[in-house]
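Below, each chain spelled out in residue letters.
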Protein chains: 4
Amino acid sequence: MNSFPVAKSAIYSIKHQICALCRGFYQQGWASGTGGGISIRTQDRIFMAPSGVEKEKIEPDDIFELDLDGSVLQAPVNKDLRLSECAPLFMAAYELRSAGAVLHSHSLQVVLATMLATPAAPPYRVIEFSELEMIKGLPGHGYHDTFRLPVIPNTARERDLTASLRQAILDWPDTCAVAVQNHGIYVWGANASKAKTQAECIDYLCQVLIEKRRLGLHQ
Amino acid sequence: MNSFPVAKSAIYSIKHQICALCRGFYQQGWASGTGGGISIRTQDRIFMAPSGVEKEKIEPDDIFELDLDGSVLQAPVNKDLRLSECAPLFMAAYELRSAGAVLHSHSLQVVLATMLATPAAPPYRVIEFSELEMIKGLPGHGYHDTFRLPVIPNTARERDLTASLRQAILDWPDTCAVAVQNHGIYVWGANASKAKTQAECIDYLCQVLIEKRRLGLHQ
Amino acid sequence: MNSFPVAKSAIYSIKHQICALCRGFYQQGWASGTGGGISIRTQDRIFMAPSGVEKEKIEPDDIFELDLDGSVLQAPVNKDLRLSECAPLFMAAYELRSAGAVLHSHSLQVVLATMLATPAAPPYRVIEFSELEMIKGLPGHGYHDTFRLPVIPNTARERDLTASLRQAILDWPDTCAVAVQNHGIYVWGANASKAKTQAECIDYLCQVLIEKRRLGLHQ
Amino acid sequence: MNSFPVAKSAIYSIKHQICALCRGFYQQGWASGTGGGISIRTQDRIFMAPSGVEKEKIEPDDIFELDLDGSVLQAPVNKDLRLSECAPLFMAAYELRSAGAVLHSHSLQVVLATMLATPAAPPYRVIEFSELEMIKGLPGHGYHDTFRLPVIPNTARERDLTASLRQAILDWPDTCAVAVQNHGIYVWGANASKAKTQAECIDYLCQVLIEKRRLGLHQ
C-alpha cells in the first residue's frame, strides 16, 4: 500500500492522478456515459471520483476526500456533486484486501466476457483464462497458471452489490477483481498504477476470449 | 433545461462547447465525412453547427444563432456556410420534448443495429435492449427495464424525415432518441452533457447487441 | 478546383495541410508502415508527400513541389527523400478528373472490401453500396443511388498500376475513387477536404459491408 | 545500422525517442499492462526501456544505457527500476542480425494470429502471408512474395525464450521478426523507424489474417 505524508501538495497530486486516470479510462472506453470511476488510498485518507458525471471532464476540485472509515471529510467545491455510488464497493476492497486503489470499469470487453462465463459454485459464474502471457500481469499468477475471474449477478442499485462483492472477495482469494454480470468490473491493486495495469491485463484477456470465440478457437 | 443569461461571454462559451462536442463526435466515429452535428438551446437562443463541413474543424464563428422559433438571428462570418440540414429535426425535439440540446450522429454501431431491428407497429421497427447496466444512463430507465429505440425509414433529404421524426417522438414517449434506418440517430437531452452521455450509452448498447449477434449469444 | 495565389505563405500553408492530413491518415490506420499519402494542386503547382517515410512524422520541408506536368520544381531539404511512388497515379486523377487533391490509403477496411468484391466487366471487380446514408457524401450520389467502386488488380510496383488506374478512371465516370485489390485505394476530390471526407465515406461504407457480412446480413 | 557520434545530446535524443516510441506502442495496444518495450543501438551503446512499468509513462531518465556486450553502463536515476526482461532477447537480434533496434510487442493481433498458425518443422509453427501490399514493407519481400513469420512456444520466464529465439533467428533467415505463441512478437530493424514500421506492417498483416478468417475468406 502506498504510504506517504498527506501534505497539501500530495493531496492535490493524488486528485490530479484520479483525474488523469479517469481521462484514460474514458479513452479506453471504460467510462463512457457516466460510468466507471476510481479511488486511491493514502496513509490516512481515501479519495474518490464523484458519481454520475462525465469522467473525462473531472477536475481536482471535484474529488471527494474521506477518512479510512469512508466518512466524507471534504466534499467538492461544486455542491451538486454526489459521492460515487461505488463508495461501499471501493471500501470493501480497502477493508478486505488492504488495497491501495480500486477502480470500476464498464469495459465492453468485460461485459461481453461475463456473457461467456460458465457456472461455478452458486451464486457465482466464472471466466477462466489460461496459457496467455498477459496473465503474468496479475498478482500471484504465472504463464502456466489459470486466472479465474468471478462473476456476480447485477442489481438495480450499485450499492446493492456490496454484500455479494464482499462475499466474492472472501470466497475468491486469488483474484484481484470481481466482474458483475452485464455491468462491468471492480479491480483493486496495491496502488493506482497496479490497479490500472491489472485492469488493462484483464481487459486484454477478455478481448482474447471474445476473439477466440468469434474465430471458433474455443474448446 | 439549462437556463442562464444569454450574455456575450456565455454565447461564446456555448459556441465553444458545440465545437468541442463536434471534435469529440468525430473522434468517436459519429461525424466522419461531413455527417453528424449538435444544437444547444439556452433561455432564448438556439445554436447550431453548420451543414456539410468537417465537424472536427468547426470554429465558434461557424455556429448559427437562432431564436426559439428556429429563425436565424446571426449567420456565421463565412457566408458559404449553410444551416444544418438537421435544423427542423432538432426543432422537433426542442418543441415536443423541451430538450436543452439535440445531436445527430452517423454512428456505425447504431446503423448496424438498425439492420438488426425487429418489426413494431408500422411504420416503425424497434431495437430492444434489456439486462444491461448502461440502460441506467437513459432517463426513466433502470437496470431491469427494457429500452426500446424506435427506427424510422430513411429519406433522400434529411428535411423529409421531419414529419416521421415528429410522429415518432409523439408515439414513443419513453425514448430520448429516434434512430433512422441505415442512417444514424437523433438523441436529445436536458442539456448538452446529457445528450452526449445518453448518446454514448445508446452507442454502447448497440455495440453489445452487434457483438452478441456475432458471438451467437442472441435469442 | 482550388484556385488561389501561389504566395510563399500559401505554399507553406499547403505543405502544413499535407502534413496535418498525413497525421490524420496515420491516426485512421490509413498510413501505417510507410503506406499512404496525399497530393494537393493549386493554380500552377502540385505538392506531394515523399515516399517510404512514416507519414505521421512528415514536416513541411519534406514536401515535393511540382509543376502541373508533374516535373519536380523543388525537392525537399533532406536529399534522402524520394518522390512518392504514387506520383503518376496522382497525376492521372489531376489530368483525367481535374482533381484538386488526390490521396492514397492502405485502409484495412478497403482492403478487406476488395476481397468481397464481385466480378464486373474484365479486368474489373466491383464493390457495390446502396441504401446507406453515407453514400450521399460522394459526389453525384443520393441515398437511393448505388455507388460502384471499381477494383483493379495489384502489381508488384506502384507505378505499374498507372495504365490500369488511368483506364479505370475513364471506364468508371461516376466514381471518385479506384480501389486496388489487396492494396488500398486512390480517392480524389475538388480539394483536400473533399478528397479526405470522400475517403472517410468510402471507408465507412466498406466497414458496413464487412460488418454486414460478419453478421450474416448480406444477400 | 545507425552510426552517429555518441554525444551527450545524442544520447538524450535516443532516450527521448525510446520514450516516444513506447508511448506510441501503448496507443497502438502493444504495451498495455506493463508489457512490450524497445531497445536502440548506436555505434557503441545500447539503450533499453526498463521492465514492468507502464510504458506510456517512461521518462528519459528511466532508460538503461549498456555497452555492446549488454553490460549496464548507467542505470536509471530511479533505483527501483530493473532492466527489461527482454534484454537477452534484444541482444540476440543485435548479435545475429546486426540490428539497429529491436522491439517487443504484446499486440493482440499477433497473439490471435499465433493461434491461427500452422505446423512447420518442429519446434516451429508458422504464419504465412501472401498477396498483400503491406508485405512490401518488410525487408526482402515484394508483393508476390510470401512472408513466413515463425512462431516459437512461450515459456514461464521471458529470459527462457532466449535459446529458442536465437535458434529461430538462425533457422529463418528471411524474417525480421519472431512471434511467441500466446505472448507477442520480437521485431528488429536497421534502426528504430524501420523496427517500428515493420512491426506495424506485421500487425496489419495479422489483422487481415484474422479478419479473413472471420469473414470465411480463408482457404
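See the structure above.
In this report, we go over the structure that sits alongside the text.

Criteria and cut-off values
Here the residue index of a chain counts from 1 through its sequence in written order. Chain A is the first chain written and ligand 1 is the first ligand written, with later ones labelled in order. Per-residue local features of the predicted model are confined to residues with pLDDT of at least 70, and side-chain atom pairs are confined, for both listing and counting, to 80 or more; whole-chain, interface and lining totals are unaffected and use all residues. Working from all heavy atoms in the structure, the side-chain values ignore hydrogens and water. Here the copies are matched by least squares. The fit uses the C-alpha atoms of residues with pLDDT of at least 70 in both. Should any heavy atoms of two residues lie within 4.5 Å, those residues are considered in contact. By the convention used here, strands pair only if DSSP detects at least 2 bridges between them. Every helix listed is a DSSP run of H or I at least four residues long, and every strand listed is a run of E at least two residues long, numbered separately from the N terminus. Note on definitions: angles span 0 to 180 degrees between N-to-C directions of axes, and those axes are lines fitted to C-alpha atoms, for helices only across the stretch in contact. When accessible area is computed with a 1.4 Å probe and restricted to protein chains, residues below 20% of their type maximum are described as buried, those above 50% as exposed, and intermediate ones as partly exposed. Handedness of a crossover is defined as follows: with both strands directed away from the viewer, a clockwise route from the first strand across the helix to the second makes it right-handed. Should an angle fall under 35 degrees it is called roughly parallel, over 145 degrees roughly antiparallel, and 65 to 115 degrees roughly perpendicular, with every other angle called oblique. With the far helix as reference, a near helix turned anticlockwise by less than a right angle produces a left-handed crossing, and one turned clockwise produces a right-handed crossing. Classification used: nonpolar for Ala, Val, Leu, Ile, Met, Phe, Trp, Tyr, Cys and Pro, charged for Asp, Glu, Lys and Arg, polar for all others including Gly. Salt bridge, as used here: a side-chain nitrogen of Lys or Arg that lies within 4 Å of a carboxyl oxygen of Asp or Glu. As used here, buried area is the combined drop in accessible area, with a 1.4 Å probe, of two parts when they are placed together. Under the rule applied, a polar contact is a pair of N or O atoms within 3.5 Å (in protein, one hydrogen donor and one hydrogen acceptor; residues adjacent in sequence only if both atoms are side-chain atoms).

### Observations regarding the relation of the copies chain A and chain B
By a simple turn and slide, chain A fits onto chain B: the slide is 0.0 Å along the axis, the RMSD is 0.0 Å, and the turn is 90°. With respect to symmetry, the two chain copies, as superposed, fit the operation of a four-fold axis. Among all residues of chain A, the minimum C-alpha distance to the rotation axis is found for A:Arg214, at 4.9 Å. Here only 4% of the contact residues of chain A are again contact residues in chain B; the copies associate through non-equivalent surfaces.

### Concerning the relation of the copies chain B and chain C
Superposing chain B onto chain C takes a rotation of 90° combined with a translation of 0.0 Å along the rotation axis, leaving an RMSD of 0.0 Å. Each copy contacts the other with its own distinct surface, as only 4% of the interface residues of chain B are interface residues in chain C too.

### Quick word on the sheet that holds strand β8 (residues 147–152) of chain A
Residue and element names in this part refer to chain A. Pairing is mixed across the open sheet formed by ten strands, whose spatial order is β4-β3-β2-β1-β5-β10-β9-β8-β7-β6. Unpaired on one side and paired on the other, β4 (72–74) and β6 (118–119) mark the two borders of the sheet. Sheet strands touched by helix α3 (residues 108–115): β7 (125–129), β8, β9 (177–180) and β10 (184–189). Its angle to β7, the strand with the most contacts, is close to 115°.

### Quick look at the pairing of strand β9 (residues 177–180) of chain C
Residues and elements named next belong to chain C. Of the two faces of β9, both are covered, the one formed by Ala177 and Ala179 as well as the one formed by Val178 and Val180. In this structure, strand β8 (residues 147–152) lies alongside β9, joined through two bridges in parallel fashion. Within β9, the position partnered with Val151 by the bridge is Ala179. One crossover worth recording links β8 to the parallel β9 by way of helix α4 (residues 162–171), and it is right-handed. Pairing between β9 and strand β10 (residues 184–189): four bridges, direction antiparallel. Opposite Val178, over in β10, you have Tyr186 as the bridge partner. Count of turn residues in the β9/β10 antiparallel hairpin: three residues, of which Asn182 carries a positive phi of about 60°.

### Here's the deal with the packing of helix α2 (residues 87–97) of chain D against helix α4 (residues 162–171) of chain D
Residue and element names in this part refer to chain D. As a packed pair, α2 and α4 sit with axes 9 Å apart at the nearest point and diverge in direction by 25°. With respect to α4, the axis of α2 lies roughly parallel. For the pair α2 and α4, the crossing hand works out as right-handed. Listed contacts from α4 to Pro88, Leu89, Ala92, Ala93, Glu95, Leu96 and Arg97 of α2 are Thr162, Leu165, Arg166, Ile169 and Leu170. Broken down by class, the residue content of the contact of α2 with α4 amounts to eight nonpolar, one polar and three charged.

### Structural notes on the arrangement of the chains
Of all C-alpha pairs spanning chain A and chain C, none lies closer than 10 Å, and the two are not in contact. The two units chain B and chain D never meet; even their closest C-alpha atoms stay 10 Å apart.

### Thoughts on the pattern of salt bridges
Counting across every chain of the model gives 52 salt bridges over all chains. Between D:Arg45 and D:Glu65 there is a salt bridge, and its shortest N-O distance comes to 2.8 Å. Separated by 20 residues along the polypeptide, D:Arg45 in the loop between β1 (37–41) and β2 (46–48) and D:Glu65 in strand β3 (residues 64–66) bring together distant segments of the chain. On the basis of relative accessible area, D:Arg45 is assigned to the partly exposed category, the value being 22%. Owing to a relative accessible area of 7%, D:Glu65 belongs among the buried residues under this scheme. Each member of the salt-bridge network shares a partner with another, and the members are A:Glu211, A:Arg214, B:Glu211, B:Arg214, C:Glu211, C:Arg214, D:Glu211 and D:Arg214.

### Overview of the interface of chain A and chain B
Taken together, the contact pairs 24 residues of chain A with 21 residues of chain B. Where chain A abuts chain B, roughly 2,000 Å² becomes buried across the two surfaces, and 57% of that area is made up of carbon and sulfur atoms. Among the residues chain A hides against chain B, the three largest losses belong to A:Leu108, A:Met115 and A:Arg214. Together they make up 26% of the total. Put simply, chain A and chain B have three salt bridges between them. Between B:Lys196 and A:Glu54 there is a salt bridge; the shortest N-O distance is 2.7 Å. Counting every contact that joins chain A to chain B gives 13 residue pairs in polar contact (both at pLDDT 80 or more). Going through the elements one at a time, α3 and α5 (192–214) of chain A are the ones with two or more residues in the side of chain A that touches chain B. No other element matches the four residues that α3(A) contributes to the side of chain A that touches chain B.

### Here we look at the interface of chain B and chain C
Chain B puts 24 residues into the contact, and the matching count from chain C is 21 residues. Seen at the junction of chain B and chain C, the total is three salt bridges. C:Glu211 serves as the salt-bridge partner of B:Arg214, at 2.3 Å between the closest nitrogen and oxygen. Taken together, the links from chain B to chain C amount to 13 residue pairs in polar contact (both at pLDDT 80 or more). Taken together, the elements giving at least two residues each to the side of chain B that touches chain C come down to α3 (108–115) and α5 (192–214) of chain B. Examining the composition of the side of chain B that touches chain C, we find that four residues originate from one element, α3(B), more than from any other. A per-class count over the side of chain B that touches chain C returns eight nonpolar, ten polar and six charged.

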